[in-house]
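So you can see what is in the structure, the chains are spelled out below.
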Amino acid sequence: MRLEKLGEFGFIARVAELVGEPEGAVVEGIGDDAAVLKTSGDCYVLVTTDAFVEGRHFRREWLSAEQIGMRAACAALSDIAAMGGEARAVLLSVGLPPGEDAAFGEQLVRGLHDVARSWDASLAGGDTFATPAGVWLDVVVVGEVDRPWLRSTARPDDILLVSGTLGGAAAAFHLLESGRAANADALPAALRSRFTRPTPQLALAQALRQLPEPPAAIDISDGLVQDAGHIAERSAVALTIEAPCLPVSPACAEAAVQPDADPVPWALTGGEEYELLLALPPAYADQAVAEAQKVGVMLTRIGSVSKGLGVTVLASDGSPMELPQGGWDHFAVQ
Ligand code: ADP
Ligand code: MG
């Protein structure tokens, strides 16, 4: 079967089947935001890897070298936040065409390192290679956590909370794609920072360590609905999202005005938001919102968990919404 038919997640499912249950030091393997490894100490080690290929994950016309590095670091660190952890070190494999200016490579590394250091994780190693064309990156982040947040622990009656606002990354992409912004620097300020340096929710992860038990969690890198689907699947529950409750980014709503676009589908399916979707018992909801507020992060209740399977999105009249095509699959025909 061709990969474009099997899909990215179909392929990952085959890999997971081939590997089988986690064993040895691996507590959580394929299927969460990062691998969880047992150590001899009290904490678990977290490891995550993310690749970024020019033309697939980013366009050089839109981003400076520094911005490419920053963005890659933020995206990779976000997976550690999604596990409730703290980042400790970053490793960068970088592939560049030999004809490229060395300064481009240095600036890219500087961008990545600046972001990593701002989260107390310095660049501790990597690999360098020549590509036939284009810039390729792979970012590994090593982190630590005492109580890992998993995708698999959502339970019926939990409520769904999402951090920050949604739709900003999709709005930025729309403005760039349509040519209304020539590059990231030409985006409105709120969208520019969202697109070039999205905040990995590591401070939120630390703030929520106060909760009596860890939430189920995922970061929204492929779109809210698709990523909610991963929690539903791993936890064997149904997730209901109420569209009117979504914290749509004001900048996204503004960007949507001109092309008469409705921002809600962007908030539902736009990728690369790097906000966290959490499921936790209603008894802890107020505490979670208050702890998040202390570190300047807004948590919004956007739905609930029940028995069943899959994700339903309800419109303002309570009817299930037809979802627009969306969510990211690397092998899908674009
Ligand atoms: P994320 O978006 O959080 O980085 P992905 O959707 O990329 O996660 O991957 C889903 C899960 O599948 C993760 O646990 C990841 O480690 C695993 N995975 C993806 N590709 C592979 C692969 N080629 N081999 C083993 N595991 C993989
Ligand atoms: Mg993730």
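Scroll up to find the structure.
I will try to describe carefully the structure that is included in this document. (Residues numbered from 1 in each chain as written. Chains lettered and ligands numbered in written order. Predicted model: local features only at pLDDT ≥ 70, side-chain atom pairs only at ≥ 80, totals over all residues. Heavy atoms only, no water.)

### A few points about the overall build of the protein
Summing up its helical and strand segments, the protein has 11 helices and 12 strands in all. Here the protein has a C-alpha radius of gyration of 19 Å; the compact-globule value for 334 residues is 20 Å, and the two agree. Seen along its three principal axes, the alpha-carbon backbone of the protein occupies a region of about 55 × 55 × 50 Å. Contacts in the protein between residues at least 24 apart in sequence constitute 82% of all its contacts with a sequence separation of at least 6. Surface summary for the protein: the accessible area is close to 15,300 Å², and the carbon and sulfur share equals 52%. Counting 23 positive and 45 negative side-chain charges, the protein places the centres of these two groups 1 Å from one another. (Helix = DSSP H or I, 4+ residues; strand = E, 2+ residues; numbered from the N terminus. Rg over C-alpha atoms; globule rule 2.2 N^0.38 Å. Contact = heavy atoms within 4.5 Å. Areas by Shrake-Rupley, 256 points an atom, 1.4 Å probe, with all protein chains shown as cover. Lys, Arg positive; Asp, Glu negative; His and termini not counted. Charge placed at Lys NZ, Arg CZ, Asp CG, Glu CD.)

### Digging into the sheet that holds strand β6 (residues 136–145)
If you trace the six strands from one edge of the open sheet to the other, you get β1-β2-β3-β6-β4-β5, paired in mixed fashion. Each edge of the open sheet carries a strand with a single partner, namely β1 (26–28) and β5 (122–130). Neighbour-to-neighbour, the strand axes of the sheet open up by a mean angle of 25°, direction not taken into account. Bridge analysis of β1 against strand β2 (residues 35–38) gives two bridges, and the strand direction is antiparallel. Paired with Val 26 across the bridge in β2 is Leu 37. (Pairing = 2+ DSSP bridges. Axes fitted to C-alpha atoms, helices over the stretch in contact; angles between N-to-C directions.)

### Considering the sheet that holds strand β10 (residues 276–280)
Strand order in the open sheet formed by six strands is β8-β10-β7-β11-β9-β12, with mixed pairing between adjacent strands. Two strands bound the open sheet, and with one partner strand each, they are β8 (216–219) and β12 (310–314). Mean inter-strand twist for the sheet, computed between neighbouring axes without regard to direction, equals 25°. Examined bridge by bridge, β8 and β10 share four bridges and lie antiparallel to one another. Bridging from a neighbouring strand, Ile 218 pairs with Leu 277 of β10. The strands touched by helix α11 (residues 285–294) are β7 (159–163), β10 and β11 (299–306); relative to β11, the strand with the most contacts, the crossing angle is about 150°.

Purely geometric numbers; function is a separate question.
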